[in-house]
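Listed below are the residues making up each chain.
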Amino acid sequence: GATATTNQFLSMGWGGTAAGVTVSEEGSLRYSAVFACVRVLAESVASLPLITYRRLPGAGKERAREHPLYGLLHDAPNPLMTSLEFREAMQAHLLLWGNAYAEIVADGRGNVMELWPLRPDAMEKIEPSGDGLVYTYRLPSGRTVELPGWQVLHLRGLSSNGIIGYSPIMTAAREAVGKGLAVQQFGSMFFRNGARPGGILSFPGELSPEAMARVRESWQDHYAGLSNAHRVAILEQGMTYQEVGLPPAAAAYIEDQKMSLLDIARIYRVPPHMIGDLERATFSNIEHQAIEFVTHSLRPWLVRWEQAIQQRL
């Protein structure tokens, strides 16, 4: 049952289309609201000190500096990354794909020596094997390798089977991300055209295709774009220009951008003021929002980290 469920989930793929825009986990970072939420949570989790403690007889605790995991988790998990950089990347994977993986490199005595993050989109298959799991990972060369469960540090988000986490982007945020990206593209094109709607050039006579192309190109060169805004147009031989207003649907679509931002903040449980939306932030509620961020946004992720470390490392 677990094998069938796992394979069925993985066969769903890692991308999709919403609002006419292709949406993927990594591509969603082009939407500023997603980037801001992921950055706030990833930096907050990664910047907290990760300390290995020893329980003292009776009560209390002390730092277990001589424990093999202490320096690995607190300072550097591998020769190329600091602890913050490693955990920031892993947390970003968790927030985008719903899963974060790291290869565990151990010595001959079972001591963990290094941790290397693995790309979630390159994890092709996860299957039960005996009392554990086997991870099939695609290397940059295209070759696949099988990693036993004890060799993979796996953090999961919300899951239906306890094996693979749901991708927040593809499960809950795809429509909001697609709409947000579409609005960003619309705004970019609108301002690239001098922040003016399009228009119609009318000519009393008949133009050949060559002449029509020449007029269109000349008009674009002289009057389109921000650098040509407010230039005086010179019309010859009875030509007239009629501006086309912004369609109401397009104007409403731009208003939807604010709703898309709030949708993303809601999905990631990030207070809107932390991603630049100060509309609902007041002196009386900002402190409570900060407390709620620690309690309801950060704490579940931190517990996932602690328990995955305890279980796998």
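About the cut-offs
- Residues numbered from 1 in each chain as written.
- Predicted model: local features only at pLDDT ≥ 70, side-chain atom pairs only at ≥ 80, totals over all residues.
- Heavy atoms only, no water.
- Helix = DSSP H or I, 4+ residues; strand = E, 2+ residues; numbered from the N terminus.
- Contact = heavy atoms within 4.5 Å.
- Areas by Shrake-Rupley, 256 points an atom, 1.4 Å probe, with all protein chains shown as cover.
- Pairing = 2+ DSSP bridges.
- Axes fitted to C-alpha atoms, helices over the stretch in contact; angles between N-to-C directions.
- Expected span 1.5 Å × (residues − 1).
- Bend = angle between axes of the 7 residues up to and from the residue.

Caption draft 1: Structural view of the overall build of the chain. Along the backbone of the chain there are eight helices and twelve strands. The long-range fraction of contacts in the chain, counting pairs at least 24 apart against all pairs at least 6 apart in sequence, stands at 64%. If you sum the accessible surface of the chain, you get close to 18200 Å²; carbon and sulfur atoms cover 55% of it.

Caption draft 2: Focus on the sheet that holds strand β5 (residues 99–106). Overall, antiparallel pairing links the three strands, which are arranged β6-β5-β10 in an open sheet. On the outer flanks of this sheet lie β6 (112–118) and β10 (152–156), each paired with one strand and no other. The sheet shows a mean angle of 25° between the axes of neighbouring strands, taken without regard to direction. Inspection of the sheet shows β5 paired to β10 by five bridges, in the antiparallel sense. When the bridges of β10 are listed, Ala100 appears paired with Leu155. Across the sheet, helix α4 (residues 83–97) lies against β5, β6 and β10, angled at about 140° from β5, the strand it touches most. In the packing of helix α8 (residues 286–312) onto the sheet, the strands contacted are β5 and β10, and the crossing angle to β10 comes to about 150°.

Caption draft 3: Layout of the sheet that holds strand β7 (residues 123–129). Taken together, three strands build an open sheet; the order of strands is β7-β8-β9 and the sheet is antiparallel. The sheet is open, and its two borders are formed by β7 and β9 (144–148), each paired with just one other strand. The sheet shows a mean angle of 20° between the axes of neighbouring strands, taken without regard to direction. Bridge analysis of strand β8 (residues 132–138) against β9 gives five bridges, and the strand direction is antiparallel. Bridging across to β9, Arg138 finds its partner in Thr144.

Caption draft 4: Quick look at the pairing of β5. Relative to β6, β5 runs antiparallel, the two being bridged by six bridges. Looking at the pairing, Ala102 lines up with Pro117 of β6. Here β5 hands over to β6 after five residues, with Gly110 in that stretch at a positive phi of 90°.

Caption draft 5: Representation of α8 within the structure. Taking 1.5 Å of rise per residue, the 27 residues of α8 would be expected to cover 39 Å, and the 38 Å separating its terminal C-alpha atoms lies within 8% of that figure. The sharpest bend along α8 comes to roughly 45°, located at Leu298, with the proline Pro300 sitting one to four residues further on. In this fold, the buried residues of α8 make contact with α2 (32–47), α3 (68–74), α4, β5, β8 and β10.

Caption draft 6: Quick look at the side chain of Thr52. Assignment of secondary structure puts Thr52 in the loop between α2 and β3 (53–55). In contact with Thr52, other than residues within four places in its own chain, are Glu62, Arg63, Ala64, His67, Leu69, Tyr70 and Leu73.

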